[in-house]
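# Summary of the model geometry
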Amino acid sequence: MVQNVSPLPSVDSLLRAPETEVLLTRFGRTAVTAVLRETLSARRAARAFGGPAGEIIEQAADHLAARFARSQRPVFNMTGTVLHTNLGRSPLPWEAAEAAAEALRSATTLEFDLATGHRGDRDDHVEGLLCQLTGAEAATVVNNNAAAVMLVLNTLALGKEVPVSRGELIEIGGAFRVPDIMSRAGVILKEVGTTNRTHPRDYVGAIGPQTGALMRVHQANYAIVGFTAMVPTGILSGIARDAGVPLIEDLGSGSLVDLEQWNLPHEPTPRESLQAGADVVTFSGDKLLGGPQAGLIVGHKSVISAINRNPLKRALRLDKGRLAALEVVLRMYLDPDHLAERIPALRLLARPEADIRATAERIHTVIASRWPDREITVEPCRSQIGSGALPVDLLPSAAVMVGGKQLENIAKTLRGLPRPVIGRVARGRLILDCRCLESGDEATFIAQFAQGKDTADGGEAAPVGRPDFKPG
Ligand SMILES: *Cc1c(COP(=O)(O)O)cnc(C)c1O
């Protein structure tokens with residue numbers, strides 16, 4: 001006779017247990033059964049026999065909660081990098097987020113013209129605004145700026161040469177490298193000049209019958225200083241015109257307004273590039289613009305029409321949610337007097353140091369009482385704009401700084417909070433830059449510290465991804 005070696009309860013008996021009822025209501029029979037099976041077989045494999053049924057159900061409840069929890073969650077960005085690519089870049093104005101959510105929930109006029117009752121074009125919602133804000137003749141939008149650059153190159157110079165200065169062959173965050181994008185776009189990169197100096201004659205010498213376009217790439221996340229020379233857009237556009245080829249300018253961040261009004265360093269605007277003679281300009285929606293991820297393309301009507309006829313345009317197009325958000329953000333630029341209040345990216349960048357310091361002082365109290373044995377201070381620091389914008393100019397800010405050993409334990413505890421807190425460790429200290437912690441969020445930040453007192457100093461962080469669900 002075969003002996004039953006498993007004293008574990010059966011799945012059926014666990015499904016009938018009163019503690020399971022709440023799980024069945026919340027997650028459904030299929031998922032609960034599967035997880036109970038997995039829990040039982042994990043115990044069998046670990047030879048963890050016995051144990052009350054309640055314990056097994058609790059374990060299954062934890063697994064279920066983790067499985068159903070959202071992976072992408074809001075965090076507190078205290079890294080000191082405002083437009084942090086890994087943390088989702090620019091936060092949207094709430095009106096833009098609302099518009100996106102509403103569009104995603106319902107049928108919309110995405111490609112429908114209410115006046116005629118006929119088919120419309122999804123670009124119609126933003127093209128006029130982009131033209132007004134940049135002075136361009138025409139405009140279109142795609143998935144992101146990398147897509148914009150690829151599409152423009154592929155449209156204007158497929159199979160042809162595109163001279164680019166060696167000082168502009170940049171890499172952004174590893175994934176976007178100008179030479180790689182160019183080759184995938186089907187154009188031939190022709191390097192001109194040197195890393196630190198490129199002259200008009202370098203471009204002129206590189207132009208030949210195979211040239212399809214000239215391209216300039218904004219020196220985004222780096223600076224070349226010292227013995228340098230580059231050809232301004234105004235001069236380069238003259239060279240392009242003489243050669244009968246278009247000039248493409250990839251601005252990267254491309255602010256729509258003059259940032260100097262908030263004492264931020266100047267960032268070239270698409271309007272300036274177009275005025276200087278660029279035929280087509282590309283820039284990101286979620287960098288200094290403060291909108292959703294998007295690639296904005298503005299320029300001559302003939303160029304934009306050619307882009308719209310390129311079959312790749314369809315592959316790179318923007319969805320209705322982001323288009324709705326972008327439209328709202330662009331409309332905000334029609335009233336330049338209220339930009340720094342309405343657009344979070346600009347508000348955070350323009351935030352006065354004294355205001356940031358006041359936040360730092362307030363949250364210092366809760367952090368210091370949480371880790372009373374550590375040296376925790378409020379100190380001035382420098383924030384970065386991020387996303388490749390303006391790399392050398394740092395913004396005066398204030399941070400709560402935590403000293404001592406095993407800072408990774410503290411960082412981990414902070415990452416394990418219901419709304420994770422992401423700081424950075426530098427020169428032996430954990431730095432929590434308070435620039436992006438605005439007063440509206442401060443209460444949430446403080447409240448979750450008040451709740452989390454049961455965790456020991458640098459102890460085990462709460463499991464990530466676990467919602468506030470408790471069985472029974
Ligand atoms: C950021 C950037 C890109 C890539 O833009 P995404 O919107 O991230 O695709 C391309 N070129 C420059 C100069 C940039 O700064």
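Thresholds, definitions, all that
- Residues numbered from 1 in each chain as written.
- Predicted model: local features only at pLDDT ≥ 70, side-chain atom pairs only at ≥ 80, totals over all residues.
- Heavy atoms only, no water.
- Helix = DSSP H or I, 4+ residues; strand = E, 2+ residues; numbered from the N terminus.
- Buried < 20%, exposed > 50% of the residue type's maximum accessible area, 1.4 Å probe, protein only.
- Contact = heavy atoms within 4.5 Å.
- Lys, Arg positive; Asp, Glu negative; His and termini not counted.
- Charge placed at Lys NZ, Arg CZ, Asp CG, Glu CD.
- Domains from an automatic or database assignment.
- Core = buried A, V, L, I, M, F, W, Y, C linked by side-chain atoms within 4.5 Å.
- Phe/Tyr/Trp six-rings, centres within 6.5 Å; stacked < 30°, edge-to-face > 60°.
- Salt bridge = Lys/Arg side-chain N within 4 Å of Asp/Glu carboxyl O.
- Polar contact = N/O pair within 3.5 Å; in protein donor to acceptor, adjacent residues only side chain to side chain.
- Pairing = 2+ DSSP bridges.
- Axes fitted to C-alpha atoms, helices over the stretch in contact; angles between N-to-C directions.
- Near = heavy atom within 4 Å.
- Nonpolar A, V, L, I, M, F, W, Y, C, P; charged D, E, K, R; others polar.
- Arc of directions from axis to C-beta.

### Thoughts on the overall build of the protein chain
In terms of helices and strands, the protein chain carries 19 helices and 17 strands. Dimensions along the principal axes, computed over C-alpha positions, put the protein chain at roughly 90 × 55 × 50 Å. Within the protein chain, buried positions represent 48% of all 472 residues. Counting contacts in the protein chain only where the partners sit at least 6 residues apart, residues at least 24 apart contribute 74% of the total. Charged side chains in the protein chain number 52 positive and 53 negative. The centres of these two groups are separated by 6 Å.

### Describing the domain arrangement of the protein chain
The assigned domain composition of the protein chain is domain 1 (11-68), domain 2 (76-86 + 347-450) and domain 3 (94-342). Using C-alpha coordinates to define each centre, domain 1 is positioned 53 Å away from domain 3.

### Quick notes on the nonpolar core
Grouped together as the largest cluster of nonpolar side chains are 56 residues, with contacts concentrated most on L326, L330 and Y333. Among the domains, domain 2 (76-86 + 347-450) and domain 3 (94-342) are the pair contributing at least three residues each to this core. F176, M215, I297 and L316 belong to the second-largest nonpolar core, a separate cluster that totals 31 residues.

### Comments concerning the packing of aromatic side chains
Taken as a whole and judged by the stated rule, the model has four aromatic pairs. Ring centres 4.7 Å apart and planes at 40 degrees place the aromatic pair F27 and F68 in the tilted group. With a gap of 41 residues between them, F27 in helix α2 (residues 21-27) and F68 in helix α4 (residues 53-68) connect regions that are remote in the sequence. Residues W371 and F449 carry aromatic rings whose centres are separated by 6.3 Å and whose planes lie at 80 degrees to one another, so their mutual orientation is edge-to-face. With W371 in the loop between α17 (353-370) and β13 (376-383) and F449 in helix α19 (residues 439-451), the pair connects residues that are 78 residues apart, well separated along the chain. A single burial state applies to W371 and to F449, both of which are buried.

### Details of the side chain of E267
Here E267 lies in the loop between β10 (247-252) and α11 (270-275). K287 provides the closest opposite charge to the buried, unpaired E267, separated from it by 7.9 Å. A polar atom in the side chain of E267 sits 3.4 Å from the side chain of H218.

### Quick notes on the sheet that holds strand β16 (residues 424-426)
Across the sheet, which stays open at both edges, the four strands sit in the order β13-β14-β17-β16 with antiparallel pairing between neighbours. Looking at strand neighbours, the two that pair on one side only are β13 and β16, the edges of this open sheet. Strand-to-strand twist of the sheet, defined as the mean angle between neighbouring strand axes without regard to direction, takes the value 40 degrees. In terms of strand pairing, β13 meets strand β14 (residues 395-402) through eight bridges, oriented antiparallel. Bridge pairing links R382 to P396 in β14. Packed onto the sheet, α17 meets β13, β14 and β17 (429-433) and runs at close to 5 degrees relative to β14.

### Focus: the site of the ligand
The immediate surroundings of the ligand are formed by 14 residues, with R89, A146, D250, S284 and K287 found nearest. At 2.8 Å from an oxygen atom of the ligand is found a side-chain nitrogen or oxygen belonging to R89. N144 has a polar side-chain atom sitting 3.3 Å from an oxygen atom of the ligand. Only α7 (145-157) and β10 provide two or more residues apiece to the shell around the ligand. Across the shell around the ligand, the residue classes break down as six nonpolar, five polar and three charged.

### Quick word on the pattern of salt bridges
Taken as a whole and assessed by the stated rule, the structure comprises 21 salt bridges. Notably, a salt bridge pairs K313 with D123, separated by 3.0 Å at the nearest N-O pair. Taken as a pair, K313 in helix α13 (residues 312-315) and D123 in the loop between β3 (118-119) and α6 (124-134) lie far apart in primary sequence, 190 residues in all. D123 carries the same exposure label as K313, and that label is buried. Salt-bridge contacts for R166 lead to E191; the nearest nitrogen and oxygen are separated by 2.8 Å.

### Some details on helix α12 (residues 301-309)
Within the sequence span of α12, burial applies to V303, I304, A306 and I307. All buried residues of α12 lie within an arc of 160 degrees about the axis, which places them on one face of the element. The outward face of α12, more than 90 degrees from its buried face, is lined by the exposed residues K301, S302 and R309. Where α12 is buried, its residues contact β4 (138-142), α7, β11 (280-284), β12 (295-299) and α13.

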